[in-house]
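# Architecture at a glance
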Amino acid sequence: MGREVGWIAAVIAVIGLSCSNPMTARIGDPRLMRQAIVDQGSGCEAAKLVSTGGAFPKNPKTLAIRWTGYTNYEIAFNGQILLLDAHFDRGSMYPPLGFTAADVKRANVILLGHGHLDHMSDAASVGARTGAVVVGAPVTTDKLKTQAIDTRQIRTVTGRGGELLEFAGFNVEPILGRHGEPPKNVTEAFDNALKATTPAPTKEQIAERNKIRERGTNDPRVVSEGTIAFLITLDNGFRIMFRDSGGVITDYEKAAMQRIGRVDVALVAVSAAYLHTLTVQRALEHMRAYKPDVYIPGHHDAPFNGLWRSTEPLFQALKDENPHLVTVSRGYREPLCFDTENNIQRRQGADMR
Ligand SMILES: [Zn+2]
């Protein structure tokens, strides 16, 4: 008991010392970084989506990104909420996200990277409740139109050029990407190993999953015509690339990036190929194409009986090639905030002067 009290006293003393010690603050001790965020009351501290009633960042120039499993992200900025993909009610086979689709009450725009169930299953219900504009490829919006949502909210894009979508404070350029095509021999071998080593889903769980599956599409066109990368550009030039499947970079993406140069943040799916040699190779291609300052992975979580796609080997390989790259992955709903005034376009403008 006495020893415990001694420990607690020592910890309190260290924390007290750290907070008042500017030298410690300067070295980026992660405990202090967290403390600093909370102290600022910046609107960047809570693991609660703005779309479910959480706070916007206090500063209108601050952008908050929250990951909510698979390639779902919420972007909150200057009174606007974008949802990237909409798959929230995943069922009992998955780790809970901490909210449900019914909790999502506010959104301006929903961008659907493709129409598989794990990317669009809650797009209709959330779109209908929030009145958000919902954007997707033809094969995605065809599916959406069979569900309970006003078709006037739906925008269909092909990503083949000339489709810039303007919103309050930002615009969105759809660019045709390509769905991941992991080698069958690899995925089958891993899937069989998982089946052999984990409990099988119950009848109820299979029925539950099938119901969710009905709200997505399995149309083969998803691979080549239905996977859209979205370039989001804020009015001050801050750029985000959202790519919700780990497929190869297309000529459309190459052409767009040749014109754009690079992005501030890339939100990119980790390839489903299991083996690091393969997932790393694809992540490198994505980094070389988008040239982000900050790389944030997606699609790396999994059902309880699945395997999470590991992000650390990717981070290491990306940084081996580009030591300036910032890689970051947070837990469900944890905010990651950016000062959007600090962006590549502005810095390049400053360089030219
Ligand atoms: Zn997919």
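Here the structure is a predicted model, which means the values were calculated and not measured.

### Structural notes on the sheet that holds strand β10 (residues 239-243)
The strand order β7-β8-β9-β10-β11-β12-β13 describes an open sheet built from seven strands, whose pairing is mixed. Two strands bound the open sheet, and with one partner strand each, they are β7 (165-167) and β13 (326-327). Summarising the sheet, β7 and strand β8 (residues 170-176) pair through three bridges and their orientation is antiparallel. Bridging across to β8, E166 finds its partner in N171. Against the sheet, helix α12 (residues 312-321) contacts β12 (294-298) and β13, and its axis sits at roughly 155 degrees relative to β12.

### Here we look at the state of the cysteines
By the definition in use, this model includes one disulfide. Between the sulfur of C44 and that of C337 lies a disulfide, 1.9 Å long from S to S. Measuring handedness by torsion sign, the sulfur bridge of C44 and C337 sits at about -95 degrees and is left-handed. A residue pair is termed long-range when its members are at least 10 positions apart, and C44 in the loop between α3 (30-40) and β1 (62-67) and C337 in strand β14 (residues 335-339) qualify at 293 residues. With relative accessibility at 9%, the residue C44 sits in the buried group. The class for C337 is partly exposed, based on a relative accessible area of 28%.

### Let's talk about the coordination of the zinc ion
Distances from the zinc ion to its protein donors, H114 (NE2), H116 (ND1) and H179 (NE2), fall at 2.1 to 2.2 Å. Sequence spacing of the donors to the zinc ion: H-x1-H-x62-H. Taken as a pair, H116 in the loop between β4 (109-111) and α4 (117-120) and H179 in the loop between β8 and α7 (184-197) lie far apart in primary sequence, 63 residues in all. Take H179: its relative accessible area is 15%, and that puts it in the buried class.

Parameters at a glance
Throughout this document, residue positions are counted from 1 along each chain, in the order its sequence is written. Restriction of local features to residues with pLDDT of at least 70 applies here, the model being predicted, together with a cutoff of 80 or more for giving and counting side-chain atom pairs; totals for whole chains, interfaces and linings are based on all residues. Hydrogens are left out, water is left out, and the side-chain values use all remaining heavy atoms of the structure. One bridge is not enough; two strands pair if DSSP finds at least two bridges between them. Strands are runs of DSSP state E lasting at least 2 residues, helices are runs of H or I lasting at least 4, and numbering of each runs from the N terminus. In what follows, residue pairs with any heavy atoms lying within 4.5 Å of each other are defined as contacts. Structural elements are reduced to axes, namely lines fitted to C-alpha atoms, with helices fitted over the stretch in contact, and the angle between N-to-C directions of any two is expressed from 0 to 180 degrees. Throughout, disulfides are identified as pairs of cysteine sulfur atoms within 2.5 Å of each other. For each residue, the accessible area found with a 1.4 Å probe, counting protein chains only, is set against the maximum for its type, and the residue is called buried under 20%, exposed over 50%, and partly exposed in between. Here a donor is an N, O or S atom found within 2.8 Å of the metal, or within 3.2 Å if the metal is Na, K or Ca; sites may look incomplete because water is not among the atoms.

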